[in-house]
Every structure is written in structure tokens, then in C-alpha cells.
Amino acid sequence: MTIQIQFLGAVGTVTGSQFLVSAGQHRLLVDCGMFQGSPEEVSRNRMPFAYDPGGVDALLLTHAHLDHCGRIPALVRAGYHGPIITTRGTADLAEIVLRDAAKLQQEAENRWRRHHPDEAAAYDAELADEAAGAEDDEGMPERMRTAPPEASTHTRAALYTDADVEQTVRQFKAVDYEQVVEVVPGVSAVFHDAGHILGSAIIELRLTDGEATTTVVFSGDLGRSDTPILRDPTPIAHADYVLIESTYGNREHADHDAAVTELADAINEVNGDRGVLLVPSFAIGRTQEIVWVLDELARDGRIPRLPLYLDSPMASRASEVYLRHPEVYDEETASLLRSGQSPLEYPGETYTNSVEQSKSIRTASRPLMVVASSGMLTGGRILHHLKDFLPDPACTLLFIGYQGEGTLGRHIQGGAKTARIDGQEYPVRCRVRSISGFSAHADEHELADWLRHFVAAGGSRTANGTPKQVFVVHGDPDAAAAFGQRIHKELGLEALLPTYRQTVTLP
């Protein structure tokens, strides 16, 4: 049986996770995520798939972040009818994420058509030609990384509708951690806890041909050790091949306690200036952890209890899902819940579910805190708040998560003096701060430690020991290259950095 992997995303860039595994006559997909970056991200995500969606037997999903699951309804719309196998927590969260994505895309398209009717009519006429040639653009990852400092709340045609999401949800097949699942005859999978967000998984794929079994491990996004709410990533000690993320492959995070202190300092600074603390955050994962930390800081008297606006309907629904899955909590969080405390809630927090509630924040009494998505300033309500608060020196824009190359977030984090939003320039006069200790991704040290379990198992380069090959994915080029060099030097592992659309045959 010939086994091949085609790398269709999350190579040469962080987002767009998608890997096609061919095993004999079977076709399996691991993740089907959105590319995220400049205002044209939806056009990039409209690329026709590099395979026949109807010919894919099964899709395995690592977790519910948009860059891993965001194109699944488009795949279903294009003819994929197979199961979408994932953990119970991911199934619950992904439904929320995809419904929200469909709604936002349709609203953005409506705004664009309202503001640009002539351009919309011309675009509709050209859409088929644009889609036909997009998939062959091998320079796409480079263009994403070098996009200008710009973002938009307007989008051309939506990728999919709520009806497509409804069908997608019907195809979910939820499984438990550590359950052996037969995917197709001769191929089974085990989902291990990745500790990244609720339900996130490391996928161990076992492909059997007669007496021989080849094991391929997909790290997905690995979480950090000793962080609030979730358990640490599961150590695995055997694989023939490993695909590992490298988002922070060339950086180490600040100590978590130091990060908490930096957050407290930022809040106290804003309190003294009667300003606004604006935190771009992913609605799933980072928002829940920030609420956990804010509650702890307030209980300890380290910060004043400033009003907190959680400006993301998706974050509200995601937090409800977190509360429904206590089985995934680490011991610290489980103990707090047993004692009657609710570390996933901040006293006085306000979820602004409607557009009117969101708009009212600009005139609310200061000082105050706002947590809004998206985390890399690529869309969502955060863009409207940037228009209000970027020019205000009393405000602080606080980054707590990764900012991909080419995103507006990366440009502002890097010192941009202006930001272009919906075609208008806004001066950046607010304070800009970054705290790395709240990242949901393992840093270079933690990634290497997770890989070290394979080497520590000893033995020959077989399924019971060290991998024959490690594929470094899900990182910008500098991070992926640095991490590849590190694991080769320190662990003696052969590291390959795949290119966009490359197909590798596993010997």
C-alpha cells in the first residue's frame, strides 16, 4: 500500500491547516481550515479544492479554531458526504464557530454589495474565472505574509451559508479521547488531548497493510504545560512519521506568573488614565483563560474590578460549552469548581451579543476593559473598536496571542503608525503592548520537549521508537526553519519543511 501526504495548507504560513492522506485506494483529510491574513482572505479560501471532495472517505478534525475547521462547510457544499470525526468538545465548539463564520460572511457580503453595487455586479460575472485559476497559485503563502497593514469588515461573496453548516453538523461523528476509531478498513485513529483549547486533539493515524502498520501522528496545535483550565498535552512515544506545528518554533514564552503581572500592570495603567484596555482575543480558548486570570487578579486585590465587556457572541456560547465539559479540566480548575467557585466567570462581566450593545461601548463610562475577536485583527468586532480607540493615547491595545505575518495585528505589533480599515487610515496613538505568556501554543522549548518523548522511547526507527521523518508545519518560514534546525541538532531527528501543495510518499 502506497501512503502519501499532500500539504495543502499551514506550510509556508501558520493558517489554512489541511493535509490529504492517500493510503491505497482511500483518501483521508486531516483538517480543512481557513487561510487568515489580509482583507482578501475569503477570496483565497474560495480556491477550488486540489482533489475531488466526493472522493474523500473521511475527514479528521484536530480542533475548532477557524484556521483548522473554517473551510469544512465549503467542502461539504462542494460534495463531501463522509464523516467528520472529532472529539465531543470540538464537535460542540466547531458548530458554534462555523455558524458564526457563516453569519459574519453573509453580513460582510451584504455590506460590500450595499456599498459597491457596480463592483459586485462585475465580480459576480468574473467569479468563475477567478476560482478556476486560484488553486495553482503556489506563491500564495508568500503574498499572505507580505500583505499591507489593512483590514476590512466588507467581504465579497460568502463562502457558505447556514444551510451548509447545518449539513456539516449532521456529518459530525464525535468520539472520546483515547478511543480507537476505525476510519476506513485498514485505517484507525486515536485522538489524544492536545491541551490547546477544549476538545483539541493530537491525532494518531494507524495505517495497516497486511502485517505492517505505519503510524502517522499529527500534533495539531499543541498547548502549553501548567496553564489554567485544561490538561497538559498528551505525551506520545511512538510513530513512524510526525507532523508538528511550529507557530512559536523560534521563541520562548514569558513565564506565566510574569505574564499575569504584566496584565495587572496594563490594567492599573489604564485605570489611572481612565482609558480603555482593548484585548484582541480568539473567542475560543484565550477569552476563557483571560476571564479566569482576571477573576483571580480581582479576588487577590491586584486590580480594580473594572467593567469587562466580552464583545463576541461566539465567546459567550463557547464559554457555555466549556462549562458543559468539566471532564477535560485540569485538577486546579476542577478543584475550584468543586469548592463552589466559578473561575470561568468574572463578576460584572457583560456579554455584548447585539451590534447595538457593541457600538454602545464607545460611550460607556471609563475606565473599562474590552475583549473582542478576532485575535489577529483580521475581521470581527475588534475592527470597529480599533477605529474608536487606536487614535486615543489613554487606551492600550494589548496583544496576548500570536500575530501571523501579513495580518494587521502583526503590523501594529511591529510598530506601524497607521492602520487602514475599510479603506480609511487611522493613526496609531494608543499604547501597544504584547504579552506572550498567555499564548495557547507551546513555545520552542515545549515543542521540543514533546518531541523528546519519541526519542526517549529508544529502539530503532520504527513505530515503537524514533520517527523516520518529522514534518515541520503550521509556522511562518523563520519559525519553522529554526525549529527544524533545533530538533535535528538536539534530538537527531530528520526534519523536513514541506512546501505548499507538495506531495510526499512515505517509504
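Notes on the structure follow. (Residues numbered from 1 in each chain as written. Predicted model: local features only at pLDDT ≥ 70, side-chain atom pairs only at ≥ 80, totals over all residues. Heavy atoms only, no water.)

### Some remarks on the overall build of the protein chain
- Check the secondary structure of the protein chain and you find 16 helices and 23 strands.
- A compact globule built from 507 residues would reach a C-alpha radius of gyration of about 23 Å, and the protein chain, at 22 Å, matches this within 12%.
- The C-alpha extent of the protein chain, read off along each of the three principal axes, is 70 × 60 × 40 Å.
- Here the protein chain, with 507 residues, has 60% of them falling under the buried criterion.
- Look at the contacts in the protein chain between residues 6 or more apart in sequence, and 76% of them connect residues 24 or more apart.
- Counting only carbon and sulfur atoms, one obtains 49% of the accessible surface of the protein chain, whose full area is about 18700 Å². (Helix = DSSP H or I, 4+ residues; strand = E, 2+ residues; numbered from the N terminus. Rg over C-alpha atoms; globule rule 2.2 N^0.38 Å. Buried < 20%, exposed > 50% of the residue type's maximum accessible area, 1.4 Å probe, protein only. Contact = heavy atoms within 4.5 Å. Areas by Shrake-Rupley, 256 points an atom, 1.4 Å probe, with all protein chains shown as cover.)

### As for the nonpolar core
- Formed by 111 residues in total, the largest nonpolar core has its most connected members in Leu263 and Tyr322.
- Take this core: its biggest share by element is eight residues, from helix α4 (residues 88-115).
- Those residues within four positions of leucine 263 in sequence are excluded, and the remaining contacts are Leu277, Ile290, Val293, Leu294, Leu297, Leu398, Ile435 and Phe438.
- Core analysis: the second largest hydrophobic core is formed by 25 residues, Ala151, Leu278, Leu377 and Phe399 among them. (Core = buried A, V, L, I, M, F, W, Y, C linked by side-chain atoms within 4.5 Å.)

### Describing the pairing of strand β8 (residues 180-184)
- Pairing of β8 with strand β9 (residues 187-193) involves four bridges; the strand directions are antiparallel. What sits directly across from valine 180, in β9, is valine 190. (Pairing = 2+ DSSP bridges.)

### Description of the sheet that holds strand β23 (residues 503-506)
- Pairing within the open sheet is mixed, and its seven strands lie in the order β7-β5-β4-β3-β2-β1-β23. A strand with exactly one partner marks an edge of an open sheet, and here the two such strands are β7 (172-175) and β23. Sheet twist, expressed as the average angle between the axes of neighbouring strands with direction ignored, equals 25°.
- Direction of pairing for strand β5 (residues 84-87) relative to β7: parallel, over a ladder of four bridges. Bridge assignment links threonine 86 to a residue of β7, and that residue is alanine 174. (Axes fitted to C-alpha atoms, helices over the stretch in contact; angles between N-to-C directions.)

### Regarding the environment of glycine 82
- Of note, glycine 82 is situated in the loop between α3 (72-77) and β5.
- Using a relative accessible area of 12% as the deciding quantity, one classes glycine 82 as buried.
- Between the C-alpha atoms of glycine 82 and glutamate 345, which are 263 residues apart in sequence, the distance is 38 Å.
- In contact with glycine 82, not counting residues within four places along its chain, are Asp57 and Gln171.

### What about the packing of aromatic side chains?
- Scanning the model with the defined rule gives six aromatic pairs in all.
- With centroids separated by 5.9 Å and ring planes inclined at 80°, the aromatic side chains of phenylalanine 7 and phenylalanine 19 adopt a geometry described as edge-to-face. In this pair, phenylalanine 7 sits in strand β1 (residues 3-7) while phenylalanine 19 sits in strand β2 (residues 19-23), placing the two residues twelve residues apart along the sequence. We note that phenylalanine 7, like phenylalanine 19, is buried.
- Put simply, the rings of Phe7, Phe19, Phe218 and Phe471 touch in pairs and so form one group of aromatic residues.
- The ring centre of tyrosine 346 lies 5.8 Å from the NZ or CZ of arginine 305, which sits over that ring. (Phe/Tyr/Trp six-rings, centres within 6.5 Å; stacked < 30°, edge-to-face > 60°. Lys NZ or Arg CZ within 6 Å of the ring centre and 35° of its normal.)

### Let's talk about the sheet that holds strand β10 (residues 201-209)
- Taken in spatial order, the seven strands line up as β8-β9-β10-β11-β12-β21-β22 in an open sheet, and their pairing is mixed. Each having just a single partner strand, β8 and β22 (495-496) make up the two edges of the open sheet.
- With respect to the sheet, helix α16 (residues 477-491) is in contact with β12 (241-245), β21 (469-473) and β22, its orientation differing from that of β21 by roughly 155°.

### Here's the deal with the side chain of histidine 68
- The residue histidine 68 is located in helix α2 (residues 66-69) in this model.
- A distance of 2.7 Å separates the side chain of histidine 68 from the side chain of aspartate 31, its partner in a polar contact.
- Once you skip the residues sitting within four places of it in the chain, histidine 68 turns out to touch Ser17, Asp31, Cys32, Gly33, Leu61, Thr62, His63, Asp221 and His474. (Polar contact = N/O pair within 3.5 Å; in protein donor to acceptor, adjacent residues only side chain to side chain.)

### A look at helix α10 (residues 313-324)
- An ideal rise of 1.5 Å per residue puts 16 Å on twelve residues; α10 measures up with 17 Å between its terminal C-alpha atoms.
- Along α10, the positions that sit buried rather than exposed are Pro313, Met314, Ala315, Ser316, Ala318, Ser319, Val321 and Tyr322.
- Buried residues in α10 make contact with α4, α9 (286-299), β14 (308-311) and β15 (350-351). (Expected span 1.5 Å × (residues − 1).)

### Structural notes on the environment of proline 304
- In this structure, proline 304 sits in the loop between α9 and β14.
- Here proline 304 is in contact with Ile267, Asn268, Asn271 and Tyr346, once residues within four sequence places are set aside.

### Things to note about the packing of α4 against α10
- It is the contact of α4 with α10, at a shortest axis distance of 10 Å, that shows an interaxial angle of 170°. Comparing the axis directions of α4 and α10 gives the class roughly antiparallel. Two secondary-structure elements touch here, α4 through Asp92, Leu93, Ile96, Val97 and Asp100 and α10 through Met314, Arg317, Ala318, Val321, Tyr322 and Arg324.
- Per-class residue counts for the contact of α4 with α10 are seven nonpolar, no polar and four charged. (Parallel < 35°, antiparallel > 145°, perpendicular 65-115°, else oblique. Nonpolar A, V, L, I, M, F, W, Y, C, P; charged D, E, K, R; others polar.)

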